[in-house]
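Report on the structure
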Amino acid sequence: MSSSFRVGVFVDAENVRYNGGYQMRYDILRRFAAREGGVLQRLNTYMAFDAERAREDYEYKKKAHAYQQMVRDFGWKITAKTVRRYTDDNGNVTTKANADLDMAVDAMLQANRLDQVLLVTGDGDFLQVVEALQNNGCRVELIGFKNVSRLLQQRVDAFYSGFVIPDLLPVHYEPRNEWGKPGSCVRGVCTKWFPDKGYGFLRFMNQISNNLWITDPREPDSPYVSVFCHANEVADEVTEDLLMNRETILEFYVNESEQKDNGLVANNVRLAFSVNR
């Protein structure tokens, strides 16, 4: 792909926040979007802002503005959607700050100046937007965390789980985590499992690379690493059916193998979703 190709990123921040992506790092997302050397033409994120609460809660207002400024410092344009309150017949109050329409309209209006679009959402309402962008000549990629529409995953040109992109979602209980280094905590998937032998192999993305399509860790240009895993290291909640499902995202520690030179073993293997709810 030419280094002059133009990339646009559109983040449904509320969808991400409520579906496992809380604390997603916008600097890492920017690096991921530019991994193939393209020009970052548009960086758009759509966030909720509760103006009514801000009038009464100074700390909320202060933190919200500080967070928005940090994201702007990374080069993002923020579209702040005002939270609206609705009261039903029983007096129950619900809040909503839907940015779907704004995000869809912006993506369509800006598509004629883009070659590739990265959507960060799991909302199936963007199916028609994806098709329209593709028909306009754009390659469309998708990043999502939990509850990502299956149809949306199938319709885009490439889908990446936000859990497995190095450092995109920090490991909150490992503040000095060095992703991929021995002793670090990473997230990945199980590629092979042998129930009768009691072991298998996990795989994680070791670096953000333009070779993400080279999924075989044995290839020299692959950004993926294979890790040996013994059944004794797997949490009870991780059944064999889950292990053999490539959609299951696992979180685990990697350490150097005592039996194999330059080899890695997995320890304390558990479901990523269970620690990111």
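Here is what the cut-offs are and how they apply
Residues numbered from 1 in each chain as written. Predicted model: local features only at pLDDT ≥ 70, side-chain atom pairs only at ≥ 80, totals over all residues. Heavy atoms only, no water. Pairing = 2+ DSSP bridges. Helix = DSSP H or I, 4+ residues; strand = E, 2+ residues; numbered from the N terminus. Axes fitted to C-alpha atoms, helices over the stretch in contact; angles between N-to-C directions. 1 Å grid on protein atoms, 1.4 Å probe; cavity = no way out; pocket = protein on both sides within 12 Å on 5 of 7 lines; lining within 4 Å. Points joined across faces, edges and corners; volume = space filled by probe spheres on them. Nonpolar A, V, L, I, M, F, W, Y, C, P; charged D, E, K, R; others polar. Patch = residues over 30% accessible without salt bridge, like charges linked within 9 Å, V, L, I, M, F, W, Y side chains within 5 Å. Areas by Shrake-Rupley, 256 points an atom, 1.4 Å probe, with all protein chains shown as cover. Salt bridge = Lys/Arg side-chain N within 4 Å of Asp/Glu carboxyl O. Buried < 20%, exposed > 50% of the residue type's maximum accessible area, 1.4 Å probe, protein only. Arc of directions from axis to C-beta. Contact = heavy atoms within 4.5 Å. Parallel < 35°, antiparallel > 145°, perpendicular 65-115°, else oblique.

- In the nomenclature of an unreviewed UniProt entry, the protein corresponds to NYN domain-containing protein from the organism Allochromatium tepidum.

Details of the sheet that holds strand E8 (residues 158-161)
- The strand order E3-E2-E1-E6-E7-E8 describes an open sheet built from six strands, whose pairing is parallel. On the outer flanks of this sheet lie strand E3 (77-82) and E8, each paired with one strand and no other. Neighbour to neighbour, the strand axes of the sheet diverge by 15° on average, direction disregarded.

As for empty space enclosed by the protein
- Going through the model one piece at a time under the given rule, you end up with one cavity of 30 Å³ or more.
- Here the largest cavity is characterised by a volume of approximately 40 Å³.
- Lining the largest cavity, in full, are Asn15, Val16, Asn19, Thr121, Gly122, Gly144, Phe145, Lys146 and Val148.
- Of the residues contributing to the lining of the largest cavity, the split by class is three nonpolar, five polar and one charged.

Focus on a nonpolar patch on the surface
- On the surface, Leu101, Val105 and Leu109 cluster together into a nonpolar patch covering about 310 Å² of accessible area.
- Note that Leu109 resides in helix H5 (residues 100-110).
- Among the residues examined, Leu109 registers a relative accessible area of 61% and is labelled exposed.

A word on the pairing of strand E6 (residues 116-120)
- Here E6 lies mainly inside the structure; five of its five residues are buried.
- The alternating pattern of E6 places Gln116, Leu118 and Val120 on one face and Val117 and Leu119 on the opposite face, and all of these are buried.
- Examined bridge by bridge, strand E1 (residues 6-12) and E6 share five bridges and lie parallel to one another. Bridge pairing in E6 links Val11 to Val120.
- Where E6 meets strand E7 (residues 139-144), five bridges bridge the pair, whose relative direction is parallel. The residue bridging Val117 from the neighbouring strand is Val140, located in E7.

Considering helix H6 (residues 127-135)
- Every buried residue belonging to H6 is among Leu127, Val129, Val130 and Leu133, and all of these are buried. Angular distribution of buried residues about the axis of H6 spans 165°; they occupy a single face of the element. Facing away from the buried surface of H6 by more than 90 degrees, the exposed residues are Gln128 and Asn135.
- Buried residues along H6 sit in contact with H5, E6, E7 and helix H7 (150-155).
- Backbone geometry just downstream of H6 places Gly137 in the positive-phi region, at approximately 100°.

Some words on helix H2 (residues 26-33)
- Most of H2 is tucked away: six of the eight residues are buried.
- Within H2, the full set of buried residues consists of Tyr26, Asp27, Ile28, Leu29, Phe32 and Ala33.

Digging into the packing of H5 against H6
- Two numbers describe how H5 lies on H6: the axes approach to 10 Å, and their chain directions differ by 5°. Between H5 and H6, the angle falls in the class roughly parallel. Contacts between H5 and H6 pair Ala104, Ala107 and Met108 from the former with Val129, Ala132 and Leu133 from the latter.
- By residue class, the composition of the contact of H5 with H6 is six nonpolar, no polar and no charged.

Brief notes about unusual backbone geometry
- Non-glycine residue Gln23 carries a positive phi angle of around 80°.
- For Gln23, a relative accessible area of 41% puts it in the partly exposed group.
- The backbone of Asn268 shows a phi angle near 50°, a positive value even though the residue is not glycine.
- Mapping Asn268 onto the fold places it in strand E13 (residues 264-271).

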